[in-house]
Each structure stands twice: as structure tokens, then as C-alpha cells.
Amino acid sequence: MKDFIKAASIRALRTVAQTAVATIGTSALISEVNWTAVISASILAGILSLLTSVATGLPEAPRGGGG
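(A) Quick look at helix H2 (residues 35-56). Taking 1.5 Å of rise per residue, the 22 residues of H2 would be expected to cover 32 Å, and the 31 Å separating its terminal C-alpha atoms lies within 8% of that figure. In this fold, the buried residues of H2 make contact with helix H1 (2-24). At the exit of H2 stands Gly-57, carrying a positive phi of roughly 85 degrees.

Structure follows, in C-alpha cells:
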């Protein structure tokens, strides 16, 4: 279980970072970035990543609870 939580957290953190970079990249200038949209989209992506990991499992986390 500990391995699963660690793997799911790493995957979710990567998803949050990727979403933030992609959302920031939609603005022409850094001063035009809608930070509220960046933060909310990134948090939502992280939550969806965790839920997906719980629903489908992770190939990098061993099954059968040994952790």
C-alpha cells in the first residue's frame, strides 16, 4: 500500500506540474497569466490523476499489498 501511495503521489505531482506549464504557456506574456485558472486547473488535474490511479491501478506499483 505504501508503494502505491508513493507512486500515485508522484504521478499526480507530475500531472499538476505539466498542467501548470501548459496553462501558463497559453499566455503570450507572464503578466497576462490567469493564475487562478492555472492553480484551479492544476489542482483538478492532480485530483483526477489520483482518482484514476485508484480506479485503474498503477503499473509501477506492485499489487497485493506488500508495502
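More follows now that the structure is in view.
(B) Summary view of the environment of Lys-6. Along the chain, Lys-6 falls in helix H1. Assessed through its relative accessible area of 57%, Lys-6 is described here as exposed. Measuring from C-alpha to C-alpha, the distance between Lys-6 and Ala-61 comes to 8.6 Å, with 55 residues separating the pair along the chain.

(C) Molecular detail of the packing of H1 against H2. Remark: H1 packs on H2, axes separated minimally by 8 Å, with the N-to-C direction vectors making an angle of 150 degrees. By the angle class used here, H1 and H2 are roughly antiparallel. For the crossing formed where H1 meets H2, the hand is right-handed. For the pair H1 and H2, contact is made by Phe-4, Ala-8, Ser-9, Arg-11, Ala-12, Thr-15, Val-16, Thr-19, Ala-20, Thr-23 and Ile-24 and by Trp-35, Ala-37, Val-38, Ala-41, Ser-42, Ala-45, Gly-46, Ser-49, Leu-50, Ser-53 and Val-54, respectively. The class makeup of the residues in the contact of H1 with H2 is 13 nonpolar, eight polar and one charged.

(D) Spotlight on H1. The terminal C-alpha atoms of H1 lie 33 Å apart, and with 23 residues this matches the ideal 33 Å at 1.5 Å per residue to within 8%. If you check which residues of H1 are buried, you get Ala-7, Ala-8, Ala-12 and Ala-20. Considering only its buried residues, H1 is in contact with H2.

Cut-offs used in this document
Residues numbered from 1 in each chain as written. Predicted model: local features only at pLDDT ≥ 70, side-chain atom pairs only at ≥ 80, totals over all residues. Heavy atoms only, no water. Helix = DSSP H or I, 4+ residues; strand = E, 2+ residues; numbered from the N terminus. Expected span 1.5 Å × (residues − 1). Contact = heavy atoms within 4.5 Å. Buried < 20%, exposed > 50% of the residue type's maximum accessible area, 1.4 Å probe, protein only. Axes fitted to C-alpha atoms, helices over the stretch in contact; angles between N-to-C directions. Parallel < 35°, antiparallel > 145°, perpendicular 65-115°, else oblique. Left-handed = near helix turned anticlockwise from the far one by under 90°. Nonpolar A, V, L, I, M, F, W, Y, C, P; charged D, E, K, R; others polar.

These results come straight from atomic positions and should not be treated as a statement about function.
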